[in-house]
Structures are given as C-alpha cells and as structure tokens.
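So you can see what is in the structure, the chains are spelled out below.
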Amino acid sequence: MVLFINACVREESRTKRLADHLLAQIGEPVEEVKLSEISFPLVDEAFLLKRDSLMSAGAFDDPMFSLARQFAGAEKIVIAAPYWDLSFPASLKQYIEQINVLGITFSYTAEGTPQGLCRAKELYYVMTAGGTFCPEEYGFGYIKALAENFYGIKNVSLIKAVGLDIIGADVEGILREAGL
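Structural notes, computed from the coordinates. In this text the structure is predicted, and so the values were computed from the model without any measurement.

This part takes up the packing of aromatic side chains. Within the structure shown, the criterion is met by seven aromatic pairs. Measuring from centroid to centroid gives 6.4 Å for Phe-71 and Tyr-95, while their planes differ by 65°, and the two rings are edge-to-face. Note that Phe-71 is positioned in helix α3 (residues 66-73) and Tyr-95 in helix α4 (residues 90-99), a separation of 24 residues in sequence. A ring pair is formed by Phe-106 and Tyr-108, whose centres lie 5.5 Å apart and whose planes are at 85°; its orientation type is edge-to-face. The class of Phe-106 is buried, set by a relative accessible area of 8%. Three or more aromatic residues joined by ring pairs form one cluster here, namely Phe-71, Tyr-95 and Tyr-151.

Moving on: α4. Looking at α4, one finds that the buried residues are Ser-91, Leu-92, Tyr-95, Ile-96, Gln-98 and Ile-99. What you see down the axis of α4 is that its buried residues fit within an arc of 160°, all on one side.

What follows deals with the environment of Phe-4. Among the structural elements, Phe-4 can be located in strand β1 (residues 2-6). As a C-alpha pair, Phe-4 and Gly-141 span 137 residues in sequence and 19 Å in three-dimensional space. If we ignore the near neighbours within four places in the chain, the residues touching Phe-4 are Lys-16, Ala-19, Asp-20, Leu-23, Val-30, Glu-31, Glu-32, Val-33, Val-78 and Ala-80.

Within the largest apolar cluster, 42 residues are counted, with the highest numbers of intra-cluster contacts made by Phe-71, Ile-77, Leu-92, Tyr-95, Leu-123, Tyr-125 and Ile-153. Every element with two or more residues in this core is listed here: β1, α2 (45-57), α3, β3 (76-80), α4, β6 (122-128) and α5 (140-151). When residues of this core are assigned to their parent elements, the largest contribution, five residues, is made by α5. Counting residues in hydrophobic clusters, the runner-up holds 17 residues, among them Leu-22, Ile-26, Ala-161 and Leu-164.

The next subject is the pairing of β1. With five of its five residues buried, β1 lies for the most part within the structure. Alternating positions in β1 separate into two faces, Val-2, Phe-4 and Asn-6 on one and Leu-3 and Ile-5 on the other, with burial throughout. In this structure, β1 lies alongside strand β2 (residues 30-34), joined through five bridges in parallel fashion. Bridge pairing in β2 places Leu-3 opposite Glu-31. At this point the chain moves from β1, through helix α1 (residues 14-26), to the parallel β2, and the crossover so formed is right-handed. In this sheet, β3 lies alongside β1 in parallel orientation, the contact comprising five bridges. Along β3, the bridge assignment pairs Val-2 with Lys-76.

How each quantity is defined
Residues numbered from 1 in each chain as written. Predicted model: local features only at pLDDT ≥ 70, side-chain atom pairs only at ≥ 80, totals over all residues. Heavy atoms only, no water. Phe/Tyr/Trp six-rings, centres within 6.5 Å; stacked < 30°, edge-to-face > 60°. Helix = DSSP H or I, 4+ residues; strand = E, 2+ residues; numbered from the N terminus. Buried < 20%, exposed > 50% of the residue type's maximum accessible area, 1.4 Å probe, protein only. Arc of directions from axis to C-beta. Contact = heavy atoms within 4.5 Å. Core = buried A, V, L, I, M, F, W, Y, C linked by side-chain atoms within 4.5 Å. Pairing = 2+ DSSP bridges. Right-handed = clockwise from strand over helix to strand, strands pointing away.

Next comes the structure, spelled out in structure tokens:
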C-alpha cells in the first residue's frame, strides 16, 4: 500500500497534480491522508503526558497512535507539500508530531542511535513553488533527515517544480519537466 500524505489545500493544486501523476506511475493501491481534514490535537503538556504514559505502557493500539501505525506500516510513502510562507504547510508539521512515536516509527539502540521501524523503503516528496527561492532544507531536507535517520527509509526522492508564478513562466512546461 502507498500512503499518500496530502498537505495541499487548493482545489487546483499544482503540487497535487504532480503527486497524482506520480501515484499513477507507481500504480499501486493508495491510502490518502488529507491533512486539511484532520483536526490535530494541541501538543501541550497534557498531550505529552498522555502520550508518554501510553508509550511507557506499550499501549500502541490506542487511537492516539493510529497515524503513526499507518505511517510505519506503509510500503511506499508520497508526501505532497507545496512550498509557501518559506516552508511546508503547518499541517505537515502537526502530522509529523503525531507520527514521531518511539516504539512505532523509530527506536533507539543501547548507544542512543535512532533506528527506523518503518516498513517503507521509498519516500517521495513532491513540492511546487511560485518563486525560485525554496532551499531544500526548508521542507524536503527536514523530511529527508527524519526518513533516513529516524524512520529507516533510505530511498528518499524530491520531485519539484519551481518558478510557477513568475510572470511569463511556462507553467505547464515546468510541470512537465518535473515529471507531469
């Protein structure tokens, strides 16, 4: 199963178009998590105390961990995240806070080194940007570091189309060049 993490909010999202094309190329069953439809809980002290208590008890079947279990069990992962306001959408960060669960998506060795527990061997990060200033560390770099160093996903790819809102840009040409 391919897990599609959709951080797009616009009906005519160019990022979503690229991601849909990639998903069609992969050609496997897709389970979509549409982040705009999730009311993420506030990560406050009460949330952390509950989570830590459940993790200590090994109660990973609690609904609080459903997104983490889903992420850890996916065979492939596609993340569609437009670049805006100098980063990826806040909902993606909220999602990450829900899936970073010690004992589900990663563990630590006796030496304190993170060890991935995720099944996926491939993760694709799909992004578009209106301009050309979009340093990879402001989105893809963060996700890649988590995937490789914590989740155990070593094959992490970036698919991007940038400069889409520059006056005179050949939007369809840029999207085609990116893989559409």
